[in-house]
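What follows is the residue order along each chain.
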Amino acid sequence: MKWLLFDYGEVLCHAQPEADRERMVAASEVEATAFWERYWEHRLDFDRGTLTPAAYWSLVLGGRPSRDRVERLVELDVQSWSHPDDDAVAVMEEVHALGHPVALLSNAPLCVAEGIERLPWIQTMNARFYSARLGMVKPDAEIYLRVASELGAEPEDFVFVDDRLANVAGAEAVGMTAIHHRGAESLRDDLKPALASPR
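Keep in mind it's a predicted model, so treat the numbers as computed, not measured.

Cut-off values and rules
- Residues numbered from 1 in each chain as written.
- Predicted model: local features only at pLDDT ≥ 70, side-chain atom pairs only at ≥ 80, totals over all residues.
- Heavy atoms only, no water.
- Buried < 20%, exposed > 50% of the residue type's maximum accessible area, 1.4 Å probe, protein only.
- Helix = DSSP H or I, 4+ residues; strand = E, 2+ residues; numbered from the N terminus.
- Arc of directions from axis to C-beta.
- Contact = heavy atoms within 4.5 Å.
- Core = buried A, V, L, I, M, F, W, Y, C linked by side-chain atoms within 4.5 Å.
- Phe/Tyr/Trp six-rings, centres within 6.5 Å; stacked < 30°, edge-to-face > 60°.
- 1 Å grid on protein atoms, 1.4 Å probe; cavity = no way out; pocket = protein on both sides within 12 Å on 5 of 7 lines; lining within 4 Å.
- Points joined across faces, edges and corners; volume = space filled by probe spheres on them.
- Nonpolar A, V, L, I, M, F, W, Y, C, P; charged D, E, K, R; others polar.
- Axes fitted to C-alpha atoms, helices over the stretch in contact; angles between N-to-C directions.
- Parallel < 35°, antiparallel > 145°, perpendicular 65-115°, else oblique.
- Left-handed = near helix turned anticlockwise from the far one by under 90°.
- Salt bridge = Lys/Arg side-chain N within 4 Å of Asp/Glu carboxyl O.

Focus on helix H10 (residues 165-173)
Phase 1: Among the residues of H10, Asn-167, Val-168, Gly-170 and Ala-171 are the ones counted as buried. Viewed end-on, H10 has its buried residues packed into an arc of 160°, placing them on one side of the element. Opposite the buried face of H10, at more than 90 degrees from it, the exposed residues are Leu-165 and Ala-173.
Phase 2: Buried residues belonging to H10 abut helix H9 (141-150), strand S4 (158-162) and strand S5 (177-180).

Spelled out as structure tokens, the structure:
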């Protein structure tokens, strides 16, 4: 029985909606282009858990923010990643109903991971792994091998789904079958042969 291992952002949830992005920029009081450049420049360190929320947002804002501002930015950031793609979630639930165990592997800082864990549908998954809790990030080989080990399985027992090609390549490099996510309908079609083929 193959495990189906899902990414979260822009796979099971939508990309950050423009309205949420605008609220974050407004709360930051930083010019939008500079805000998003710094947001992504330092994100992997935040995802890895090597930056606290205060340290991360200080880098994004270019100065030390107040505690209230950090809390507000964390709240808005979590909210921006909390919009499920109902069609993709439905595919995940269909596969689960067929008897395949499903798990999550997301690059996410602790505060975002805590927000994801509050989503009722996420609790239906058999296991959930977040980069900040593991102290490592995709596409590093160690994170995929750690997940396999934690689940008592071999990399060959997994079908991994991610929207980022680097993460897909990282999973393939350790022996997982990997699918580049391009939308719920193509995902349903891509999973059929991947889950059916013997390994």
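From this point on, the discussion continues.
Here we look at the nonpolar core
Phase 1: Of all hydrophobic cores here, the largest spans 51 residues; its most connected members are Phe-6, Tyr-8, Leu-12, Phe-35, Trp-57, Leu-104 and Leu-191.
Phase 2: By size, the runner-up hydrophobic cluster in this structure holds 20 residues, among which are Leu-134, Ala-153, Phe-158 and Ala-171.

Details of the packing of aromatic side chains
Phase 1: Following the criterion strictly, the structure yields 13 aromatic pairs and no others.
Phase 2: Ring geometry for Phe-35 and Tyr-39: centres 5.9 Å apart, planes at 35°, overall tilted. With a gap of 4 residues between them, Phe-35 and Tyr-39 both fall in helix H2 (residues 32-41), about one helical turn apart.
Phase 3: The buried category is assigned to Phe-35, whose relative accessible area is 0%.
Phase 4: Exposure remark for Tyr-39: the relative accessible area of 0% places this residue in the buried category.

Some words on the layout of surface pockets
Which parts of space are left empty comes out when a probe the size of a water molecule is rolled across the atoms.
Phase 1: Within this model, the largest pocket holds a volume of roughly 410 Å³.
Phase 2: Lining the largest pocket we find 23 residues, and of these Trp-40, Asp-47, Trp-81, Asn-107 and Arg-164 sit closest to its centre.
Phase 3: Counting residues per element, the ones that place at least two in the lining of the largest pocket are H2, helix H3 (43-48), helix H7 (110-117) and H10.
Phase 4: At 3 residues, H3 tops the list of elements feeding residues into the lining of the largest pocket.
Phase 5: Grouping the constituent residues of the lining of the largest pocket by class yields 11 nonpolar, 4 polar and 8 charged.

A look at the packing of helix H6 (residues 86-97) against helix H11 (residues 184-196)
Phase 1: With their axes 9 Å apart at the nearest point, H6 and H11 run at an angle of 20° to one another. Between H6 and H11, the interaxial angle falls into the category roughly parallel. In this structure, the crossing between H6 and H11 has a hand that is right-handed. Where H6 approaches H11, its residues Asp-87, Ala-88, Val-91, Glu-94 and Val-95 are matched on the opposing element by Ala-184, Leu-187, Arg-188, Leu-191 and Leu-195.
Phase 2: Grouping the constituent residues of the contact of H6 with H11 by class yields 7 nonpolar, no polar and 3 charged.

Looking at the pattern of salt bridges
Phase 1: Inspection of the entire model under this criterion finds 14 salt bridges.
Phase 2: For the salt bridge of Arg-72 with Glu-75, the shortest nitrogen-to-oxygen distance reads 3.1 Å. With Arg-72 and Glu-75 both in helix H5 (residues 67-80), this residue pair falls 3 residues apart, about one helical turn.
Phase 3: Looking at Arg-72, the relative accessible area reads 36%, which means it is partly exposed.
Phase 4: Between Arg-188 and Glu-94 there is a salt bridge, and its shortest N-O distance comes to 2.9 Å. Placement of Arg-188 in helix H11 and of Glu-94 in helix H6 is noted, with a sequence separation of 94 residues between them.
Phase 5: Bridged by salt links that share partners, the residues Asp-7, Lys-138 and Asp-162 form one connected network.

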